[in-house]
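Descriptive structure summary
Here are the chains, one letter per residue:
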Amino acid sequence: MISKFSLEHKTAIVTGGAKGLCYSMAEALHEAGAVVVLVDVLDLVEESAARLGACGAPVYAVKADLSDTARLREACGESVALLGGRVDILLNGAGIQYRCPAEDFPEDRWRRILDINLSAVFFMSQEIGKQMLKQGRGKIINVASMTSFMASVMIPAYAASKAGVAQITKALSNEWAGKGICVNAIAPGYMNTELTRDMKLVNPTQYEEISGRIPMGRWGEPEDLKGVVVFLASEASDYISGIVVPVDGGYLGK
Ligand SMILES: NC(=O)c1ccc[n+]([C@@H]2O[C@H](COP(=O)([O-])OP(=O)(O)OC[C@H]3O[C@@H](n4cnc5c(N)ncnc54)[C@H](O)[C@@H]3O)[C@@H](O)[C@H]2O)c1
């Protein structure tokens, strides 16, 4: 049974993989045997790919700003070429956040969050989905959030984008599951990364409320996502599509 979780000879593209949760999930895919391309806007992506690829299967870096759709499509072409023309796994994880009361929320921030967190997920899936449709097989894993289920406060654009990610997951699954592509999402709970570091300062009351509500009594760490991403990327989950899996220390159940 354990061989069904292996990703030996599989290939993966991970957006947002230079750091944080997606670096950790890329590490999990790589540890399970996959060749990986990290796609990220940061120069750091080169260093992250070199670190990850120091042993085991190759890891490549593609630097791209995914809010630029033309560049996104080029980056998909470059990634597919680096992977030798086959993509088994696409992890759509690049994301940004901005906290501000709704009445003052700046238009440029709203548009940028929707471009990166939502539109790039769709266009990456569209581009790589075409390749997977040709292959007759593939796994797309989107990174959703607790705010795919609840909207929270001071993050209206982020909440709208992540609710959209949950819906894109189901919409693409409805069209592609019958053609060999499983489309699922992981919804991390409150995790310790740079993205959430400012919450303690911007909204300390909310930070305390959230911390007190997590039944497991702690915030999540990037490592907490490793098991679920390998499961959703592997044959072990072949009859699962269109779901959003919370990894939240029990938060949603409370
Ligand atoms: N940290 C949490 O608590 C939490 C909870 C739920 C969901 N998430 C989601 O997990 C994902 C990763 O978040 P994280 O916490 O690791 O944050 P992070 O800031 O550490 O990592 C985000 C990555 O996305 C990349 N990125 C941002 N804009 C980009 C662009 N235009 N083009 C290409 N890459 C870009 C960044 O460079 C970075 O490497 C995001 O989608 C986030 O919304 C995080």
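Above this text is the structure in question.
Now for a look at the structure at hand. Computed from a prediction, not measured in an experiment: that's the story for all the values here. (Residues numbered from 1 in each chain as written. Predicted model: local features only at pLDDT ≥ 70, side-chain atom pairs only at ≥ 80, totals over all residues. Heavy atoms only, no water.)

Our focus in this paragraph is empty space enclosed by the protein. Within this structure, the stated rule accounts for 2 cavities of 30 Å³ or more. If you go around the largest cavity, the residues you meet are Lys10, Asp88, Ile89, Arg137, Gly138, Lys139, Ala233, Ser234 and Glu235. Volume-wise, the second largest cavity comes out at about 30 Å³. Lining the second largest cavity, in full, are Thr15, Leu66, Asn92, Gly93, Ala94, Ile116, Ala120, Val121 and Met124. Per-element tally for the lining of the second largest cavity: the top contributor is helix α4 (residues 107-135), with 4 residues. Tallied by class, residues from the lining of the second largest cavity come to 6 nonpolar, 3 polar and no charged. (1 Å grid on protein atoms, 1.4 Å probe; cavity = no way out; pocket = protein on both sides within 12 Å on 5 of 7 lines; lining within 4 Å. Points joined across faces, edges and corners; volume = space filled by probe spheres on them. Helix = DSSP H or I, 4+ residues; strand = E, 2+ residues; numbered from the N terminus. Nonpolar A, V, L, I, M, F, W, Y, C, P; charged D, E, K, R; others polar.)

Tracing the backbone through its elements, the reader meets Ser24 in helix α1 (residues 20-31). Note on Ser24: relative accessible area 5%, which makes it buried. Among the polar contacts made by the side chain of Ser24, one reaches the main-chain carbonyl oxygen of Pro222 at a distance of 3.3 Å. In contact with Ser24, not counting residues within four places along its chain, are Pro222, Glu223 and Lys226. (Buried < 20%, exposed > 50% of the residue type's maximum accessible area, 1.4 Å probe, protein only. Polar contact = N/O pair within 3.5 Å; in protein donor to acceptor, adjacent residues only side chain to side chain. Contact = heavy atoms within 4.5 Å.)

On to the nonpolar core, then. Grouped together as the largest cluster of nonpolar side chains are 45 residues, with contacts concentrated most on Ile13, Val39, Leu66, Met124, Ile128 and Tyr190. Breaking this core down by element, the ones donating at least two residues are β2 (35-40), α3 (69-82), α4, α5 (156-176), β6 (181-188) and α8 (204-213). Looking at this core element by element, the count peaks at 8 residues for α4. With near-sequence residues (within four places) excluded, Tyr190 lies in contact with Met146, Ser152, Met199, Ile210, Ile214, Trp219, Gly220 and Tyr251. Residues Cys22, Val36, Val228 and Val247 belong to the second largest nonpolar core, which totals 32 residues. (Core = buried A, V, L, I, M, F, W, Y, C linked by side-chain atoms within 4.5 Å.)

In this section: the site of the ligand. Inspection of the region around the ligand gives 30 residues, with Leu21, Asp40, Gly93, Tyr158 and Thr193 positioned closest. Between the ligand and the protein, one listed contact pairs a nitrogen atom with a backbone N or O atom of Leu66 at 3.0 Å. A distance of 2.5 Å separates an oxygen atom of the ligand from a polar atom in the side chain of Thr193. A total of 820 Å² of accessible area belongs to the ligand in isolation, and the protein chains cover 95% of it. Elements that contribute at least two residues to the shell around the ligand include exactly α1, α4, α5 and α6 (194-197). (Near = heavy atom within 4 Å. Areas by Shrake-Rupley, 256 points an atom, 1.4 Å probe, with all protein chains shown as cover.)

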